[in-house]
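The residues making up each chain are set out below.
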Amino acid sequence: MGGVIGAAGGVAGALRRPGYLAGAWPWRSAWYLVSGTGPALVAAPFAMAALAGRPWFLAALAAGPFAAVPVGRWERRRLRAVDPRPVRDGHAGGPRLREAATWRELAWLGLLVTAVPAVAAALAGAALMLGVFLVSPLLAGEGPVAVGFATVGSVGGALVYAGAALALLPVLGYAAGGAALAEAWAARRLLGTGPRDELVEVTRSRARLVDAFEAERRRIERDLHDGAQQRLVGLTLQIALARLEVPDGGPAAAGLDAAHRQAKELMAELRELIHGIHPRVLTDRGLAAALGELADRSAAPVAVDVRLAGRLAPEVESTAYFVAAEALANAAKHAGARHVAVRAHRSGGLLVLEVADDGAGGAAAADGGGLAGLADRAAAVGGRMLLSSPPGGPTVVRAELPCSPSA
Amino acid sequence: MQPVRVVLAEDGVLLREGLAGLLARFGFEVAAAVGDAGALRAAVAAHAPGLVVTDVRMPPGFTDEGLRAAVELRRADPALPVVALSQYVELSYAADLLDSGDGRRVGYLLKDRVVDVAEFADALRRVVAGGTVVDPKVVRQLVRRRRDPLERLSPREREVLALMAEGRSNAAIARELVVSEATVGKHVGAVLAKLDLPPDDGTHRRVLAVLAHLRGEGGSAAG
């Protein structure tokens, strides 16, 4: 639990610092403990009704699940008094009663009307007793007084109690801090998204990052395609038309011919560049078409066996595409493959993509290499990439990506 | 001779103006130059053109609106010559076009071809004259996908095959490859024989035969 409590901020950090008792934290902790007793005060009449055998206390039980959500919301705010780290509620927006978050909030409400006021009451009792001990020397002059569980008859006797109380005050301060810390810990566990949900959340945020990255690539591709590329085609066309108005053989003709040639080369370069950023065919026609096109561009002969109906989520399509592109490039460039096979199909909730070549093998997903980067991308969409490439070949690159049909 | 009236659809303004200039320069009459598929349909209805040149990808969806409009127009009037310009080779686009009408008077070219203005204008004229024009890259993809019988072709014969698919005459192929027309005739005969196609009896017929053969089994690989 150290990881959960160990944050430097809030009461957890304050308890470890030497100046804890002199600062505001014992008081904040006390406030946190006392302010948590509200629900218990509301529930008290119902508890008494239950003890008295009156059936209307059942109303409180029935109302519990409905009260739990707004109480939870309030409690998350109250938690900030001792723990500044944000707590995200675990509600996903579905029916309240079917969410685990609601029931965890109800569990917290249960603690709020039982253990929380009990601890608060115990500490308040202790504080009251120490307070009485402290003032007992002033009271004892009038005759014997009852101080808690004892009776003192003289100022001298009272001073012993007062001294003991003074010695115990730091203990009370730390006890308040410790109780607040325990309460905050339990509140965080029950009112937050839960430990398992946090892991899911981490994956989700990685997936969001990949999504954003993907969207950005598509945006750049679109901008270049609709902007620079179209204008360059228009410009090259203009040069060609201008050339027609110039008689052959002159210096102007040669200059325009050179300009036209260079513009065409630039067109080809730009097309390749844009294609590398995010192929248009992938956006427009989907993975099957893009893999076919990729195979056609490959230097080595490629057999394509793609069985995919419909479109997949964009990040899945592009991850699979770039895995295939890298694997094909490696097969042709490094492995000297004579034959490559690209297979893709859906199996259960997975898109399985396999690129197999008969090349030299020995490919490694070295750090920073193209394959390692793709393994990272596959992991970010919740999938994985497998590589088998013994020296001498064959090499098989396999990507398994969770997928559901995109709308 | 009356100039051929053209309806042009291209959403990029610069390129649209460039294309309009090109068409005018090569003796076409631009009846209308529009920027989306809806306007293309309206313009064809209004001007009854002798040729439609359209970008495949157009607003509002920026996918294949232009192509779908072209196929629709061909369905309504199978004799309407249509040339579609595509950003990349998509065999299914080419197939959709070739399957519309009787496969004559259609062209499917990569957009980048327009910068070779004379060749582009020539391709448009061939389509207007009843021919079929398919981008050499489409042919190259089809050739790559159909290995077995095509492996029997020599590299030169494959070049000839690609030019045949473009709807070129033997004379035009001879000029392109800088060989004699008789040599081309020999190559064409060899290609047709090796692919088990009927002997040459007209340019567009042999284009269709070659394309039909190429698309036969291998063309659907990208599905």
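The shown structure was predicted, so the numbers you read here are calculated from the model rather than taken from an experiment.

Draft legend 1. Spotlight on the overall build of chain B. The number of helices and strands found in chain B is ten helices and six strands. Expressed as a percentage of the 223 residues in chain B, the buried residues total 55%. Taking contacts inside chain B between residues at least 6 apart in sequence as the whole, the part at least 24 apart equals 67%. Taken as a whole, chain B presents about 8,900 Å² of accessible surface, with 54% of it coming from carbon and sulfur.

Draft legend 2. Spotlight on the sheet that holds strand β1 (residues 5–9) of chain B. Residues and elements named next belong to chain B. Pairing in this open sheet of six strands is parallel, and the strands run β2-β1-β3-β4-β5-β6 from one edge to the other. This sheet does not close on itself; its edge strands, each paired only once, are β2 (29–34) and β6 (132–134). Averaged over neighbouring strand pairs, the angle between their axes works out to 15 degrees when direction is ignored. Relative to strand β4 (residues 82–86), strand β3 (residues 51–55) runs parallel, the two sharing four bridges. Each residue of the ladder has a partner; that of V52, found in β4, is V82. Packed on one face of the sheet, helix α5 (residues 117–128) meets β3, β4, β5 (106–110) and β6 and runs near 130 degrees to β3.

Draft legend 3. Fine view of the packing of aromatic side chains. All told, the structure shown has four aromatic pairs over all chains when counted by the stated rule. Look at A:Y20 and A:Y174: their rings are 4.8 Å apart centre to centre, the planes differ by 35 degrees, and that puts the pair in the tilted class. Remark: A:Y174 occurs in helix α8 (residues 155–191) and A:Y20 occurs in the loop between α2 (10–16) and α3 (25–35); sequence separation between them is 154 residues. Judged by its relative accessible area of 2%, A:Y20 falls in the buried class. Taking relative accessible area as the criterion, A:Y174 reaches 35% and is therefore assigned partly exposed. Here B:Y88 and B:Y93 contribute two aromatic rings whose centre-to-centre distance is 6.4 Å and whose plane-to-plane angle is 35 degrees, an arrangement assigned as tilted. Residue B:Y88 is classed as buried on the basis of its relative accessible area, which comes to 10%. Here A:R28 stacks its cationic end above the ring of A:W25, 4.5 Å away from the centre of that ring.

Draft legend 4. Representation of the UniProt feature "modified residue: 4-aspartylphosphate" (unreviewed entry) in chain B. Residue and element names in this part refer to chain B. According to UniProt, the feature "modified residue: 4-aspartylphosphate" (unreviewed entry) maps to D55 in the numbering used here. By the element assignment, D55 lies in strand β3. The residues contacting D55, other than those within four sequence positions of it, are A9, E10, D11, G66, L67, L85 and K111. Within the local environment of D55, its side chain forms a polar contact with the backbone nitrogen of R57, the two atoms lying 3.4 Å apart.

Draft legend 5. Region of interest: the side chain of B:D135. Residue and element names in this part refer to chain B. Among the secondary structure elements, D135 is positioned in the loop between β6 and α6 (136–145). Taking relative accessible area as the criterion, D135 reaches 0% and is therefore assigned buried. Ignoring sequence-local partners within four residues, the contact set of D135 consists of Y108, L109, L110 and R113.

Draft legend 6. Summary view of helix α10 (residues 251–277) of chain A. The terminal C-alpha atoms of α10(A), which comprises 27 residues, lie 39 Å apart, in line with the 39 Å expected from a rise of 1.5 Å per residue. Listed as buried for α10(A) are A:A253, A:H260, A:A263, A:M267, A:L270, A:I274, A:H275 and A:I277.

Draft legend 7. A look at the environment of A:Q229. By secondary structure assignment, the location of A:Q229 is in helix α9 (residues 195–244). Taking relative accessible area as the criterion, A:Q229 reaches 7% and is therefore assigned buried. Residues A:Q229 and A:M267, spaced 38 residues apart in sequence, show a C-alpha to C-alpha distance of 7.0 Å. Not counting chain neighbours up to four residues away, the residues in contact with A:Q229 comprise A:L224, A:L270, A:R271, A:I274 and B:Q87.

Draft legend 8. Seen up close, the pattern of salt bridges. Here the structure, examined in full by the defined rule, presents 32 salt bridges over all chains. Its salt-bridge partner being A:E221, residue A:R280 comes within 2.8 Å of it at the nearest N-O pair. Residue A:R280 is located in helix α11 (residues 280–285), and its partner A:E221 is located in helix α9; the two are separated by 59 residues in the primary sequence. Per residue, the accessibility class of A:R280 equals that of A:E221, and both read buried. Two residues, B:K111 and B:D55, come together in a salt bridge whose shortest N-O distance is 2.9 Å.

Draft legend 9. Spatial organisation of unusual backbone geometry. Residues and elements named next belong to chain B. With omega at 5 degrees, the peptide bond leading from P59 into P60 counts as cis. Along the chain, the position of P60 falls in the loop between β3 and α3 (65–76). Located in the positive-phi region is R105, a residue other than glycine, with phi close to 60 degrees. Positionally, R105 belongs in the loop between α4 (91–99) and β5. For V178, which is not glycine, the phi dihedral falls at a positive 55 degrees. Structurally, the position occupied by V178 is in the loop between α8 (170–177) and α9 (181–194).

Draft legend 10. Local environment of the interface of chain B and chain A. On the chain A side, the residues contacting the 29 residues of chain B number 33 residues. In this assembly, chain B packs against chain A so that about 2,700 Å² is buried in total across both faces, 51% of it on carbon and sulfur atoms. Taken together, the links from chain B to chain A amount to five salt bridges. The salt bridge partner of B:D112 is A:R271, with a shortest N-O separation of 2.3 Å. Linking chain B with chain A are ten residue pairs in polar contact (both at pLDDT 80 or more). Every element with two or more residues in the side of chain B that touches chain A is listed here: α1 (13–25), α4 and α6 of chain B. Here the side of chain B that touches chain A takes seven residues from α1(B), the largest share from any one element. A breakdown of the residues in the side of chain B that touches chain A according to their chemical character gives twelve nonpolar, five polar and twelve charged.

Draft legend 11. A look at the nonpolar core. Membership of the largest hydrophobic core comes to 78 residues, with the highest contact counts inside it found for A:L287, A:L291, A:L351, A:L353 and B:L40. Take this core: its biggest share by element is nine residues, from helix α13 (residues 314–333) of chain A. Every residue in contact with A:L353, bar those within four places of it in the chain, is listed here: A:L291, A:A320, A:V323, A:A324, A:V342, A:R343, A:A344, A:V397, A:R398 and A:A399. In this structure, B:L19, B:V83, B:A123 and B:L124 belong to the second largest nonpolar core, which totals 32 residues.

Draft legend 12. Geometry of the UniProt feature "transmembrane region" (unreviewed entry) in chain A. Residues and elements named next belong to chain A. Here the UniProt feature "transmembrane region" (unreviewed entry) sits at residues 30–50, 56–74, 106–139 and 159–182. As a span, residues 30–50 carries 90% helix and 0% strand, and end to end its C-alpha atoms are 30 Å apart. In the segment residues 159–182, helix accounts for 100% and strand for 0%; the C-alpha atoms at its two ends are 34 Å apart.

Draft legend 13. Focus on a nonpolar patch on the surface. All names here are of chain A. The grouping of L134, V135, L138, L139, L166 and L169 at the surface amounts to a nonpolar patch, some 520 Å² of accessible area in total. Of all elements in the fold, only α7 (115–140) and α8 reach the threshold of two or more residues within the nonpolar patch. When residues in the nonpolar patch are grouped by element, the largest group, four residues, is from α7. Its relative accessible area of 32% is what places L134 among the partly exposed residues.

Procedures and definitions
- Residues numbered from 1 in each chain as written.
- Chains lettered and ligands numbered in written order.
- Predicted model: local features only at pLDDT ≥ 70, side-chain atom pairs only at ≥ 80, totals over all residues.
- Heavy atoms only, no water.
- Helix = DSSP H or I, 4+ residues; strand = E, 2+ residues; numbered from the N terminus.
- Buried < 20%, exposed > 50% of the residue type's maximum accessible area, 1.4 Å probe, protein only.
- Contact = heavy atoms within 4.5 Å.
- Areas by Shrake-Rupley, 256 points an atom, 1.4 Å probe, with all protein chains shown as cover.
- Pairing = 2+ DSSP bridges.
- Axes fitted to C-alpha atoms, helices over the stretch in contact; angles between N-to-C directions.
- Phe/Tyr/Trp six-rings, centres within 6.5 Å; stacked < 30°, edge-to-face > 60°.
- Lys NZ or Arg CZ within 6 Å of the ring centre and 35° of its normal.
- UniProt positions renumbered as here; feature names shortened; annotations may be inferred.
- Polar contact = N/O pair within 3.5 Å; in protein donor to acceptor, adjacent residues only side chain to side chain.
- Expected span 1.5 Å × (residues − 1).
- Salt bridge = Lys/Arg side-chain N within 4 Å of Asp/Glu carboxyl O.
- Buried area = accessible area lost by both parts, 1.4 Å probe.
- Nonpolar A, V, L, I, M, F, W, Y, C, P; charged D, E, K, R; others polar.
- Core = buried A, V, L, I, M, F, W, Y, C linked by side-chain atoms within 4.5 Å.
- Patch = residues over 30% accessible without salt bridge, like charges linked within 9 Å, V, L, I, M, F, W, Y side chains within 5 Å.

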